[in-house]
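# Per-entry structural report
Spelled out from the first residue to the last, the chains are:
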Amino acid sequence: MSILEEIKRLKEEKKAVILAHNYQPSEIYQVADFVGDSLELAKKAKDVQADIIVFCGVKFMAETAKILNPSKKVLLAAKQAGCRMAEMVDAGMVRAMKKKYPQAVVACYVNTTAETKTECDVCVTSANAAKVVNSLPQEQVIFVPDKNLGANVAANSKKEVILVDGYCYVHNDIRVKDVQRARALYPQAPIMIHPESCPEVVELCDHVCSTSQMISVAKSNGASSFVVGTEIGMIAKLRQECPDKKFFPLKADAVCQDMKLTELQMVKDCLQLGSNEIVLEKDVMDKAKGCIDKMLALS
């Protein structure tokens, strides 16, 4: 029996569902029941009908699935898969920011730990950050942890957005010279850029998109080729969704090492053994759930 067949058998036996982020290695798509961005995965996790959720992504995503499904067993396929951005801010830092800006509301990117979310008022993703921030009644918004996403939100808002020095190392390394190079190589191709990128880079691109929005743009836009400014795993997903179009990476070495840790063998092992379970204290889940629920309601 092949490993793909074994995973399928185990899914049925264990009554499990596999959720995977768009940045996962393409072979993971073969076993996933659903592939999407952070917002899509959060929505899917809330409605999933299964005893076990296997998450192919990074830890904060699996934590979100657990918070939304406290009675279900949630397993992280690659137990070492963290998020460097999420680790750049913690609950103590948020408490200090709230003390400094007592009139401000705290919006946290979904790329934060469960503990950090307990100190936040509302959660956002790259797909809905501007919409959520603009819907808030407060004029001051503390935005953690991504300074680039926060700056790009501020550019599309009348709110005073207070930032911290967090960032995604993959998107932060995309530079103006990369956009200029892509324009020269592919002059007819629209450039799609992820809002975790620096504002000066975003200004030069044609479409500012979450990963799910990139798929929508590729499908609806009449162009036959696109330049994709995000983690290169998205190229495989776009080619799968739009096989008649061409996609080129804005930066060929834009790789998230943690997203690439997941292997089929890990998926099989955690299904078989029930290993790498996400365990959170009830108090943490209860407090963190509030800001995630508010995000889903506003989406």
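Our subject in this report is the structure included herewith. Owing to the predicted nature of the structure, the values given are computational and were not obtained by experimental measurement. (Residues numbered from 1 in each chain as written. Predicted model: local features only at pLDDT ≥ 70, side-chain atom pairs only at ≥ 80, totals over all residues. Heavy atoms only, no water.)

Let's shift gears to the environment of Ala65. Structurally, Ala65 is set in helix H4 (residues 59–68). A relative accessible area of 1% places Ala65 in the buried class. Sequence-wise, Ala65 and Lys43 are 22 residues apart; in three dimensions their C-alpha atoms are separated by 9.1 Å. Apart from the residues within four sequence positions on either side, Ala65 is in contact with Ala45, Phe55 and Val74. (Helix = DSSP H or I, 4+ residues; strand = E, 2+ residues; numbered from the N terminus. Buried < 20%, exposed > 50% of the residue type's maximum accessible area, 1.4 Å probe, protein only. Contact = heavy atoms within 4.5 Å.)

Pairing within the open sheet is parallel, and its 4 strands lie in the order S6-S5-S7-S8. With one partner strand each, in any of the chains shown, strand S6 (122–124) and strand S8 (160–163) form the two edges of the open sheet. Within the sheet, the average angular offset between the axes of one strand and its neighbour, ignoring direction, is 30°. Where helix H15 (residues 282–298) meets the sheet, it contacts strand S5 (105–109) and S6, and its direction lies at approximately 60° from that of S6. (Pairing = 2+ DSSP bridges. Axes fitted to C-alpha atoms, helices over the stretch in contact; angles between N-to-C directions.)

The subject of this paragraph is the environment of Ile7. By the secondary structure assignment, Ile7 is in helix H1 (residues 3–14). Through-space distance from the C-alpha of Ile7 to that of Lys268 is 5.4 Å; in sequence the pair is 261 residues apart. Not counting chain neighbours up to four residues away, the residues in contact with Ile7 comprise Ile18, Val31, Leu264, Val267, Lys268 and Leu271.

Time to look at the environment of Asp37. The topology assignment puts Asp37 in the loop between strand S2 (34–36) and helix H3 (38–47). Judged by its relative accessible area of 3%, Asp37 is buried. Sequence separation between Asp37 and Asn22 is 15 residues, and the spatial gap between their C-alpha atoms is 6.0 Å. Once residues lying within four places of it in the same chain are set aside, the contact partners of Asp37 are His21, Asn22, Ala127, Ser210, Thr211 and Ser212. One polar contact links Asp37 to Ser212, side chain to side chain, over a distance of 2.5 Å. (Polar contact = N/O pair within 3.5 Å; in protein donor to acceptor, adjacent residues only side chain to side chain.)

The 4 strands lie next to each other as S2-S1-S3-S4, forming an open sheet whose pairing is parallel. Strand pairing shows two members of the sheet lacking a second neighbour, S2 and strand S4 (73–76), which therefore form its edges. Strand-to-strand twist of the sheet, defined as the mean angle between neighbouring strand axes without regard to direction, takes the value 20°. Docked against the sheet, H4 engages strand S1 (16–21), strand S3 (52–56) and S4, running at close to 175° with respect to S4.

Side chains of nonpolar character tend, in soluble globular proteins, to be buried together. Core analysis: the largest hydrophobic core is formed by 81 residues, its most contacted members being Phe55 and Leu238. For this core, the leading source of residues is H15, giving 7 residues. Once you skip the residues sitting within four places of it in the chain, Leu238 turns out to touch Met192, Met214, Ile215, Ala218, Val228 and Phe247. (Core = buried A, V, L, I, M, F, W, Y, C linked by side-chain atoms within 4.5 Å.)

Taken across its 5 residues, S5 has 5 buried, putting it largely inside the fold. Neither face of S5 is left uncovered, since the one carrying Val105, Ala107 and Tyr109 and the one carrying Val106 and Cys108 both have all their residues buried. Examined bridge by bridge, S5 and strand S7 (residues 140–144) share 4 bridges and lie parallel to one another. Paired with Ala107 across the bridge in S7 is Phe143. Two strands pair when backbone bridges link them, and S5 and S6 are joined in this way by 3 bridges, in the parallel orientation. Along S6, the bridge assignment pairs Tyr109 with Val124.

This part takes up the pattern of salt bridges. Within this structure, the stated rule accounts for 15 salt bridges. Close ionic contact of Arg9 with Glu13 constitutes a salt bridge, the shortest N to O distance being 2.6 Å. Of this pair, Arg9 and Glu13 are both found in helix H1, 4 residues apart, which corresponds to roughly one turn of the helix. Judged by relative accessible area, Glu13 falls into the partly exposed class, the value being 48%. Among the salt bridges present, the one from Glu119 reaches Lys98, with a minimum N-O distance of 2.9 Å. Pair noted here: Glu119 is in the loop between helix H6 (114–117) and S6 and Lys98 is in helix H5 (residues 91–100), with a separation of 21 residues, a long-range link. Salt bridges sharing common partners tie together Glu6, Arg9 and Glu13. (Salt bridge = Lys/Arg side-chain N within 4 Å of Asp/Glu carboxyl O.)

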